[in-house]
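Coordinate inspection notes
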Amino acid sequence: MKKKLLSALLCVAMAATLLVGCGGSDKPAGNDTPATEQKQEASKDDASGATTYNVGVAIYQFDDNFMTLYRNEIEAYFKTLETDSVKYNVTIVDGKNDMATQTDQIKTFITQGMDVIICNLVQTSSAELIIDEVVAANIPLVLINREPLGDNGDESYAGILDNPGVCYVGADARQSGTYQGEIVLGLPDKGDINGDGKVSYVMIEGDPENPDAQYRTQYSIKALTDAGMEVECLADQVGMWATDKGQEIAATALSQHGDAVEVIFCNNDGMALGAAAAIQAAGRTVGKDIYLLGVDALEECQEMVKNGTMTGTVLNDHIGQSHTAVDVAIKALNGEAIDNYYWVDYVMIK
Ligand code: GAL
């Protein structure tokens, strides 16, 4: 018995050795489309005979609540898609919110022979530089989260449209802003707590270079004015997506404008968490004498919406976005055609 088992194992080992000897010509399981030559060269076969694809993921900044969920899910989802014959070697780097650092990281990915690159740009104004480098190296590029806008401020960015190997995966930030405004419109007093005929608000913005911040700022208020509400902006400050800055801005606005502040709109939940702390410290009560809105639907904010310490948030679907980004990256790895744009919906949470 034992001998038989031993010789069976030996056969398996020999077969594995033969497979290793086959070099980089293995194709991913279940896919008849050959990967491009460049990609095949970069892929390596490990001892088990599996094809390993090298995936470079550049994140604008690790120290960001939402992008942490997003990048962890990219990694986890790649793992779930591995098979005996296909592996993904995923390298994720932190751009530390510095474009020069990220540019170097992308150049390093290229010299390392990444088979595909997923990039969350530090600055969308540097999209062309990054796209040019990656396209010249013949590597597919999946841009995520920060959309480089076209000349009309829409999804017509030439660097994406002109390059079949480049795409953007994201959510339309206009939708999230509109949902924030609609949550306020759905309140019994439509945000006009003191009944003076206007909604007096404080806006706490993310990075202003980022369309998510621009659109959320604009469309949350547009939803109110489109519905015929009068609005008054008491303060509009940049909090760079960060909780401590959100707290600081909200605290200052509350001490300057006191009870006049009826609604605090935050471009994301990270800053809303800070604003919630400032609201509490100022002795104000969400749902009673002030309203607080965020975006992302971080777990703790969903809890706060349930227990009333936050008025509402909007689910920025990091699962849907990360899975789409990975699925598209794999399509590109397989040599399949990809679209230029992939959109994932926001969901209102109130
Ligand atoms: C937004 C998100 C923010 C922040 C930002 C980074 O979509 O709502 O919390 O992560 O992306 O670009």
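Above this text you will find the structure in question.
Right, let's walk through the structure included here.

1. Some thoughts on the site of the ligand
As a structural note, the neighbourhood of the ligand is formed by 13 residues, with Asn 145, Arg 146, Asp 212, Arg 216 and Asp 296 the closest of them. In this structure, an oxygen atom belonging to the ligand sits 2.6 Å away from a side-chain N or O atom of Asp 212. Separating an oxygen atom of the ligand from a side-chain N or O atom of Arg 216 is a distance of 2.8 Å. Expressed as a share of its isolated accessible area of 310 Å², the protein-covered part of the ligand is 99%. Sorting the residues of the shell around the ligand by element identifies α3 (65-80) and α8 (211-226) as the ones contributing at least two each. Of the residues that constitute the shell around the ligand, the class distribution is four nonpolar, four polar and five charged.

2. Digging into α8
Across its 16 residues, α8 extends 21 Å between first and last C-alpha, which sits within 8% of the 22 Å expected from 1.5 Å per residue. What α8 keeps buried is the set Pro 211, Asp 212, Ala 213, Tyr 215, Arg 216, Thr 217, Tyr 219, Ser 220, Ile 221, Ala 223 and Leu 224. Those residues of α8 that are buried are in contact with α7 (173-185), β7 (198-205), β8 (230-238) and β9 (263-266). Just downstream of α8, Gly 228 is the residue with a positive phi angle, here 90°.

3. Description of the packing of aromatic side chains
Under the criterion given, the structure shown has eight aromatic pairs. Three or more aromatic residues joined by ring pairs make a cluster, and in this case those are Tyr 53, Phe 78 and Tyr 88. The residue whose ring lies beneath Arg 71 is Phe 62, and the NZ or CZ to ring-centre distance is 3.8 Å. A cation over a ring is seen here: Arg 146 above Tyr 60, with NZ or CZ 3.7 Å from the ring centre.

4. Notes on the packing of α3 against helix α12 (residues 318-333)
Two packed helices can be described by the angle between their axes and the distance between those axes. Running from N to C, α3 and α12 cross one another at 45°; their axes reach a closest spacing of 9 Å. Considered as vectors, α3 and α12 are oriented oblique to each other. Seen along the crossing, α3 lies across α12 with a hand that is right-handed. Counted together, Phe 66, Leu 69, Tyr 70, Glu 73, Ile 74, Tyr 77 and Phe 78 of α3 and His 318, Ile 319, Gln 321, Ser 322, His 323, Ala 325, Val 326, Asp 327, Ala 329 and Ile 330 of α12 form the full contact between these two elements. Among the residues forming the contact of α3 with α12, the class breakdown is eleven nonpolar, four polar and two charged.

Cut-offs used in this document
Residues numbered from 1 in each chain as written. Predicted model: local features only at pLDDT ≥ 70, side-chain atom pairs only at ≥ 80, totals over all residues. Heavy atoms only, no water. Near = heavy atom within 4 Å. Polar contact = N/O pair within 3.5 Å; in protein donor to acceptor, adjacent residues only side chain to side chain. Areas by Shrake-Rupley, 256 points an atom, 1.4 Å probe, with all protein chains shown as cover. Helix = DSSP H or I, 4+ residues; strand = E, 2+ residues; numbered from the N terminus. Nonpolar A, V, L, I, M, F, W, Y, C, P; charged D, E, K, R; others polar. Expected span 1.5 Å × (residues − 1). Buried < 20%, exposed > 50% of the residue type's maximum accessible area, 1.4 Å probe, protein only. Contact = heavy atoms within 4.5 Å. Phe/Tyr/Trp six-rings, centres within 6.5 Å; stacked < 30°, edge-to-face > 60°. Lys NZ or Arg CZ within 6 Å of the ring centre and 35° of its normal. Axes fitted to C-alpha atoms, helices over the stretch in contact; angles between N-to-C directions. Parallel < 35°, antiparallel > 145°, perpendicular 65-115°, else oblique. Left-handed = near helix turned anticlockwise from the far one by under 90°.

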